[in-house]
Amino acid sequence: MKKIGIFDSGVETPEEIILAAGFISHRLFGDPTIEPDKVNEHIPPTHCVWTRNLLEQAIRGLDKDIVGIIATHGCDRTNREFDVWLKCINLDFMFFLNSPLKRNKISLKFFIDDMKELIAQLEDSFSVKVSSEKIKEAIKLMNKVRSLLMEISEFRSKMVLKGAEFHALVKKVQQIDKNEAVKLLEAKLEELKTKKATINKKYKKILLTGSDLDDTEFLEYIENLGFQIVIDDLGVGTKYFWNKVDENKEPIEALAKYHLEKPIHSTKFPSYERFDVIKKLAESYKVDGIINVAHKFCEPVLYDHPYLSKKFKELAIPYLFIEIEYNRESYKQLATRFEAFREII
């Protein structure tokens, strides 16, 4: 089955439209094992390391089943780099979806109109019909995925499921056929229901937030130092399954409302809205501390950090900020900082 690749740092791409068009929605992830080479011809090294990594992969060659790309305005970097993708990547279908920053009636209409344009271009490019009924069916399927992920996520705080294992599961779901995803998640849920808490109770319970952290090995590295990620504020995490789409409303409007009513992602402003969400999660899950990780040159997360640091200090919630390169060798240099944070909390 053919795939539509998703280049999106804010998980605001309406996958239901892709499914209704008859494709697998396939989110693109970075590969921290490769070094930048061809991308240096197009983007300076002082730009976001994660988006540079994705472009490097795309120039080298994407999955052969990917027949098109949808880039969504998750951050300004994905916005501006789309022009480079148009020039460098040889695919017949490439579309930039404008996901608004503002959350009001004008923004909603704007987003709906852009989704309708996406549908029109999918229909024209691939000779398919994306009907309202097909979108409604896709919404029900994606809501099932979201419900299952919500339920499975809770096993992290029950000390049954490692945060890294859950991260790998969400990551897989974002790339496979969603009917297969439902089967996978249902089986995982049944398995977890039979398990007891086996994770060391002495591990510090943390909330993980920051850039698009898509390398599961990084989360494994953190947890192996004596932490348990009980909740997150990530695109490969809660931001992917936050609430559900209203199945009773006109489908395109329901999709637009769903994405605009979700808490803002770390790649967007304002900082105080993001703080409110993280604060509520931290209090609800009674975390021992918060770890905020920024990819090198991730401007939105770097911008938020001073404000978040100040606010969590006022609340006496331990907070650690880390800036990382996008390669696994760099993780080893962080051990001392993580260990010191564990001792503090």
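Preceding this section is the structure that the text describes.
A brief look at the structure comes next. (Residues numbered from 1 in each chain as written. Predicted model: local features only at pLDDT ≥ 70, side-chain atom pairs only at ≥ 80, totals over all residues. Heavy atoms only, no water.)

### Quick word on the overall build of the chain
- Check the secondary structure of the chain and you find twelve helices and eight strands.
- The C-alpha radius of gyration computed for the chain amounts to 20 Å, which stays within 12% of the reference 20 Å derived for 345 residues, consistent with globular compactness.
- Overall size of the chain, expressed as C-alpha extent along the three principal axes, is 60 × 50 × 40 Å.
- Taking all 345 residues of the chain together, the buried fraction comes to 56%.
- Contacts spanning at least 24 positions in sequence make up 73% of the contacts within the chain whose residues lie at least 6 apart.
- Of the roughly 15,200 Å² that the chain leaves accessible, carbon and sulfur atoms contribute 50%.
- Once the 54 positive and 55 negative side-chain charges of the chain are each reduced to a mean point, those two points are 5 Å apart. (Helix = DSSP H or I, 4+ residues; strand = E, 2+ residues; numbered from the N terminus. Rg over C-alpha atoms; globule rule 2.2 N^0.38 Å. Buried < 20%, exposed > 50% of the residue type's maximum accessible area, 1.4 Å probe, protein only. Contact = heavy atoms within 4.5 Å. Areas by Shrake-Rupley, 256 points an atom, 1.4 Å probe, with all protein chains shown as cover. Lys, Arg positive; Asp, Glu negative; His and termini not counted. Charge placed at Lys NZ, Arg CZ, Asp CG, Glu CD.)

### Focus on the environment of Lys204
- Relative to the helices and strands, Lys204 resides in strand E5 (residues 204–210).
- Spatially, the C-alpha atoms of Lys204 and Arg342 are 6.8 Å apart, while their sequence positions differ by 138 residues.
- Discounting chain neighbours no more than four positions away, the residues touching Lys204 are Gly226, Phe227, Gln228, Asp288, Arg342 and Ile345.
- Looking at Lys204, its side chain comes within polar contact range of the main-chain oxygen of Ile345, at 3.3 Å. (Polar contact = N/O pair within 3.5 Å; in protein donor to acceptor, adjacent residues only side chain to side chain.)

### So, the packing of helix H5 (residues 132–157) against helix H9 (residues 251–261)
- Two elements in contact, H5 and H9, have axes separated by 9 Å at closest approach and are oriented at 35°. Across the interface between the two elements, Ser132, Ile135, Lys136, Ile139 and Arg146 from H5 touch Pro251, Ile252, Leu255 and Tyr258 from H9.
- Residue composition of the contact of H5 with H9, by class: six nonpolar, one polar and two charged. (Axes fitted to C-alpha atoms, helices over the stretch in contact; angles between N-to-C directions. Nonpolar A, V, L, I, M, F, W, Y, C, P; charged D, E, K, R; others polar.)

### What about the pairing of strand E3 (residues 66–72)?
- Of all the seven residues making up E3, six are buried; the element is thus mostly covered by neighbouring parts of the structure.
- With six bridges joining them, strand E1 (residues 3–8) and E3 adopt parallel strand pairing. The residue bridging Ile4 from the neighbouring strand is Gly68, located in E3.
- Bridge count between E3 and strand E4 (residues 93–97): five bridges; the pairing is parallel. The residue bridging Gly68 from the neighbouring strand is Phe93, located in E4. (Pairing = 2+ DSSP bridges.)

### Some points on the sheet that holds strand E7 (residues 289–295)
- Strand order in this open sheet of four strands is E6-E5-E7-E8, and the pairing throughout is parallel. In this open sheet, the two strands that pair with only one neighbour each are strand E6 (227–233) and strand E8 (319–324). Within this sheet the neighbouring strands show an average axis-to-axis angle of 30°, counted without direction.
- When E5 meets E7, the two strands line up parallel, connected through five bridges. Directly across from Leu207, in E7, lies its bridge partner Ile290.
- The sheet strands contacting helix H8 (residues 216–223) are E5, E6, E7 and E8, and the helix crosses E6 at an angle near 135°.
- The strands that helix H11 (residues 299–314) touches are E5, E7 and E8; relative to E8, the one it contacts most, it runs at about 165°.

### Considering the side chain of Asp214
- Locating Asp214 in the fold gives a position in the loop between E5 and H8.
- Although Asp214 lies buried, it forms no salt bridge, and the closest oppositely charged side chain, Lys171, sits 5.3 Å away as judged by the N-O distance.
- Those residues in contact with Asp214 that lie beyond four places of it in its chain are Phe29, Gly30, Trp50, His167, Lys171, Val236 and Tyr326. (Salt bridge = Lys/Arg side-chain N within 4 Å of Asp/Glu carboxyl O.)

### Points about the sheet that holds strand E2 (residues 24–27)
- Taken together, four strands build an open sheet; the order of strands is E2-E1-E3-E4 and the sheet is parallel. Edge strands, defined here as strands with exactly one partner in the open sheet, are E2 and E4. The mean inter-strand angle of the sheet, taken between neighbouring strand axes irrespective of direction, is 25°.
- Bridge count for E1 against E2 is four bridges, and the pairing is parallel. Across the sheet, Lys3 pairs through a bridge with Ile24, a residue of E2.

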